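Structure at a glance
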Amino acid sequence: MIRTEGLTRRYGDAVAVDNVTLAIEDGECVVLAGANGSGKTTLVRHFNGLLEPDEGTVEVNGRGVGADLVAARTAVGMVFQEPRDQLVAATVGADVAFGPENLGLARDEIDRRVADALAAVNLSGRGDDRVDQLSGGERERVAIAGALAMEPDHLVLDEPFTGLDDPARASVLDRLRELSASGTSVVIVTHDLRDVLGLADRVVAMAEGRIVVDGPPERVVDSLAGYDVRVPETTETDVRGRSARPPGRC
Ligand SMILES: Nc1ncnc2c1ncn2[C@@H]1O[C@H](COP(=O)(O)OP(=O)(O)OP(=O)(O)O)[C@@H](O)[C@H]1O
């Protein structure tokens, strides 16, 4: 579980996250929505200790994040909006293998994870491609694969679908659904719910650093309109489609 209690974070005098208390259960698929500047990224950067709260606490799996940063970063995988900054190796395969190698895993296990992760982002067979020759969307997919290969307890993706084509997006969404079903919590940060609303167990919306909406999509979708987030035009169908799936799963 990821839990924040009274989390407040300021940049200078400006309050970016304002007294947020939030618990994300294992296996829960949460869409964290809100307009630009509402505090989404600032909030999730606390989940693995990239930021420290000015006030309040953050726990992952029952432990304070600041007490063991390595444990928090192993437990919480993150993919950010700017994937370029997250790629570290010359080739696709080496980049995705980088994290698992640092965990000290056996070669077979690393190879399995890399192959699984590349398949999940529709990049099977592209392990030898040079990272500097990839398109922006392909880099985004490599960054997602790198996070998947870590097999974290909790996975946070910040605007993960902007540069992905339809097949890659569908493939990643399928994998996220599988991960959630197997107990990984998935947090998708976005101001555009068109792809993800039908998959979420829960939608949390922020405005001006506070949580203003929190509930299952079918209950809260009508209240999202006032918060500058984009919802599917066929919301009714999507939400009904989602509710036909087993509860508590992405
Ligand atoms: N490094 C920073 N220095 C100063 N102010 C910042 C910094 N990062 C964010 N902010 C401010 O904090 C507030 C929340 O920003 P944040 O990036 O968390 O919002 P967001 O909801 O993720 O927005 P977006 O959808 O545009 O990514 C905004 O007013 C932003 O300008």
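Residues numbered from 1 in each chain as written. Predicted model: local features only at pLDDT ≥ 70, side-chain atom pairs only at ≥ 80, totals over all residues. Heavy atoms only, no water.

- Looking up the protein chain in an unreviewed UniProt entry gives the name Energy-coupling factor ABC transporter ATP-binding protein, with the organism given as Halobellus litoreus.
- Of the protein chain, the UniProt comment under Subcellular location (unreviewed entry) reads exactly: "Cell membrane". (UniProt positions renumbered as here; feature names shortened; annotations may be inferred.)

1. Focus: the sheet that holds strand β10 (residues 210-215)
- One open sheet accounts for six strands, arranged β6-β7-β8-β3-β9-β10; its pairing is mixed. At either margin of the open sheet sits one strand with a lone partner, and together these are β6 (76-79) and β10. Ignoring which end each strand starts from, the neighbouring axes of this sheet average 15 degrees apart.
- As paired elements, strand β7 (residues 154-158) and strand β8 (residues 185-190) share five bridges and run parallel to each other. Its bridge partner being in β8, Leu157 is matched across the sheet by Ile188.
- The strands touched by helix α5 (residues 136-149) within the sheet are β6 and β7, with β6 carrying the most contacts at an inclination of about 175 degrees. (Pairing = 2+ DSSP bridges. Helix = DSSP H or I, 4+ residues; strand = E, 2+ residues; numbered from the N terminus. Axes fitted to C-alpha atoms, helices over the stretch in contact; angles between N-to-C directions. Contact = heavy atoms within 4.5 Å.)

2. Some words on the site of the ligand
- With respect to spatial proximity, the complete set of residues near the ligand consists of Tyr11, Ala16, Ala35, Asn36, Gly37, Ser38, Gly39, Lys40, Thr41, Thr42 and Gln81.
- The separation between an oxygen atom of the ligand and a polar main-chain atom of Gly37 is 2.7 Å.
- One nitrogen or oxygen atom from the side chain of Thr42 is found 2.5 Å from an oxygen atom belonging to the ligand.
- Taken by itself the ligand offers 630 Å² of open surface, and the protein chains cover 57% of this.
- With three residues, the single largest contributor to the shell around the ligand is helix α1 (residues 40-44).
- Along the lines of polarity and charge, the residues of the shell around the ligand split into three nonpolar, seven polar and one charged. (Near = heavy atom within 4 Å. Polar contact = N/O pair within 3.5 Å; in protein donor to acceptor, adjacent residues only side chain to side chain. Areas by Shrake-Rupley, 256 points an atom, 1.4 Å probe, with all protein chains shown as cover. Nonpolar A, V, L, I, M, F, W, Y, C, P; charged D, E, K, R; others polar.)

3. Some thoughts on the packing of helix α3 (residues 92-102) against α5
- Relative orientation of the contacting elements α3 and α5 amounts to 30 degrees, with a least axis distance of 8 Å. The orientation of α3 relative to α5 falls into the category roughly parallel. Crossing geometry of α3 relative to α5 is assigned as right-handed. Only Val142, Ala145, Gly146 and Ala149 of α5 make contact with α3, whose side of the interface consists of Val92, Asp95, Val96 and Pro100.
- Of the residues in the contact of α3 with α5, the class split is six nonpolar, one polar and one charged. (Parallel < 35°, antiparallel > 145°, perpendicular 65-115°, else oblique. Left-handed = near helix turned anticlockwise from the far one by under 90°.)

4. What to know about the layout of surface pockets
- Its volume calculated, the largest pocket comes out at about 640 Å³.
- Forming the boundary of the largest pocket are 26 residues, of which Met78, Phe98, Gly99, Gly146 and Met150 lie nearest the centre.
- Breaking the lining of the largest pocket down by element, the ones donating at least two residues are α2 (69-75), β6, α3 and α5.
- Sort the elements by how many residues they give to the lining of the largest pocket and α3 lands first, with five residues.
- Looking at side-chain class alone, the lining of the largest pocket contains 16 nonpolar, seven polar and three charged residues.
- There is about 170 Å³ of room inside the second largest pocket.
- In this structure, the second largest pocket is lined by Glu159, Pro160, Phe161, Thr162, Arg169, Thr190, His191, Asp192, Arg194, Asp195 and Val196. (1 Å grid on protein atoms, 1.4 Å probe; cavity = no way out; pocket = protein on both sides within 12 Å on 5 of 7 lines; lining within 4 Å. Points joined across faces, edges and corners; volume = space filled by probe spheres on them.)

5. A word on unusual backbone geometry
- The backbone of Glu151 sits at a positive phi, close to 45 degrees, despite the residue not being glycine.
- Within the secondary structure, Glu151 sits in the loop between α5 and β7.
- Glu151 gets classed as partly exposed once you look at its relative accessible area, which sits at 39%.
- Phi at Asp228 takes a positive value of approximately 55 degrees, unusual for a residue other than glycine.
- Position of Asp228 among the secondary structure elements: in the loop between α7 (217-220) and α8 (235-243). (Buried < 20%, exposed > 50% of the residue type's maximum accessible area, 1.4 Å probe, protein only.)

6. Description of the pairing of strand β4 (residues 55-60)
- Pairing of strand β1 (residues 2-11) with β4 involves five bridges; the strand directions are antiparallel. Along β4, the bridge assignment pairs Thr4 with Val58.
- Note that β4 and strand β5 (residues 63-64) share two bridges and pair antiparallel. Considered in β5, the bridge of Val60 is made with Arg63.
- Hairpin geometry of β4 and β5 is characterised by an intervening segment of two residues between the two adjacent antiparallel strands and by a positive phi of about 50 degrees at Asn61.

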